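Below are the chains, spelled out letter by letter.
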Amino acid sequence: MRVRFSTLVFAFLFFSDQITKILVDLSSNTFLFINPICNSGIVWGAPIMPALFYPLWLALLLFLTRLLTKAVDNRNKVALILILAGGFSNMLDRVFYGCVRDFIDLKIWPVFNLADIYITIGVLFLILNVLRNYKSKITNSK
């Protein structure tokens, strides 16, 4: 995956998350599965001290960015772009709003946003890629 294309995909994902948050913020109504909240916690609202959160989150995003620059497998690149787009978008929320703006409320799960979806799918892709690579190494070593 070329750098220019990767950058465009990252930008599209990042801005699509930010634009949906802006549109939800501009709407004064809650409807269907839209219920805007300000999540000051981490995963599913779990609390964490900001003094601990920001350095760890920044270190993780920088580490993942480094992995992306070194990645050879396009599957891993896609996974990392998804994670980074969601991570940077949610980090931008924390810096400017002091929380992550979540709005998708399925009533049976904690409220989330597009960035959370990107991160989840990216992590699942990475896990599948690791398992696929592990399985092929075992198969090839026999």
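How each quantity is defined
- Residues numbered from 1 in each chain as written.
- Predicted model: local features only at pLDDT ≥ 70, side-chain atom pairs only at ≥ 80, totals over all residues.
- Heavy atoms only, no water.
- Salt bridge = Lys/Arg side-chain N within 4 Å of Asp/Glu carboxyl O.
- Helix = DSSP H or I, 4+ residues; strand = E, 2+ residues; numbered from the N terminus.
- Buried < 20%, exposed > 50% of the residue type's maximum accessible area, 1.4 Å probe, protein only.
- Pairing = 2+ DSSP bridges.
- Phe/Tyr/Trp six-rings, centres within 6.5 Å; stacked < 30°, edge-to-face > 60°.
- Patch = residues over 30% accessible without salt bridge, like charges linked within 9 Å, V, L, I, M, F, W, Y side chains within 5 Å.
- Areas by Shrake-Rupley, 256 points an atom, 1.4 Å probe, with all protein chains shown as cover.
- Axes fitted to C-alpha atoms, helices over the stretch in contact; angles between N-to-C directions.
- Parallel < 35°, antiparallel > 145°, perpendicular 65-115°, else oblique.
- Left-handed = near helix turned anticlockwise from the far one by under 90°.
- Contact = heavy atoms within 4.5 Å.
- Nonpolar A, V, L, I, M, F, W, Y, C, P; charged D, E, K, R; others polar.
- Core = buried A, V, L, I, M, F, W, Y, C linked by side-chain atoms within 4.5 Å.

**Topic: the pattern of salt bridges**
- Enumeration over the complete set of coordinates arrives at 5 salt bridges.
- Across the salt bridge formed by D17 and K21, the nearest N and O atoms sit 2.7 Å from each other. Here D17 pairs with K21, and both are found in helix α1 (residues 3-26), just 4 residues apart, close to one helical turn.
- For D17, a relative accessible area of 0% translates into the label buried.
- Among the salt bridges present, the one from K21 reaches D93, with a minimum N-O distance of 2.6 Å. On the criterion of sequence distance, the pair formed by K21 in helix α1 and D93 in helix α3 (residues 74-97) is long-range, its members being 72 residues apart.

**Observations regarding the pairing of strand β2 (residues 100-104)**
- With 5 of its 5 residues buried, β2 lies for the most part within the structure.
- Note that strand β1 (residues 34-39) and β2 share 4 bridges and pair antiparallel. In the sheet register, I34 faces β2, and the bridge partner there is I104.

**Observations concerning the packing of aromatic side chains**
- What the rule picks out here adds up to 5 aromatic pairs.
- An angle of 15° between the planes, with centres 6.1 Å apart, marks the rings of F10 and F14 as stacked. Remark: F14 and F10 occur in helix α1; sequence separation between them is 4 residues, near one turn of the helix.
- For F10, a relative accessible area of 26% translates into the label partly exposed.

**A closer look at a nonpolar patch on the surface**
- Taken together, the side chains of I121, V123, L124, F125, I127, L128 and L131 present a nonpolar region at the surface, about 600 Å² in accessible area.
- Position of F125 among the secondary structure elements: in helix α4 (residues 114-141).
- Take F125: its relative accessible area is 35%, and that puts it in the partly exposed class.

**Describing the packing of α1 against α3**
- One can describe the packing of α1 onto α3 by two numbers: an axis separation of 9 Å at closest approach and a directional angle of 40°. Considered as vectors, α1 and α3 are oriented oblique to each other. Handedness of the α1/α3 crossing: right-handed. Here α1 contributes S6, V9, F10, L13, F14, D17, Q18 and K21 to the contact with α3, which in turn contributes I81, L82, L84, A85, F88, S89, N90, L92 and D93.
- Taken together, the residues of the contact of α1 with α3 break down into 10 nonpolar, 4 polar and 3 charged.

**A word on the environment of L114**
- Following the sequence through the fold, L114 ends up in helix α4.
- For L114, a relative accessible area of 22% puts it in the partly exposed group.
- A C-alpha to C-alpha distance of 8.1 Å links L114 and T20, two positions 94 residues apart in sequence.
- Apart from the residues lying within four places of it in its own chain, the contact partners of L114 are S16, D17, T20 and I104.

**Some thoughts on the nonpolar core**
- Of all hydrophobic cores here, the largest spans 8 residues; its members are F53, L61, L64, A71, L80, I83, L84 and M91.
- Sorting the residues of this core by element identifies α2 (50-70) and α3 as the ones contributing at least two each.
- Here this core takes 4 residues from α3, the largest share from any one element.
- In contact with A71, other than residues within four places in its own chain, are K77 and L80.

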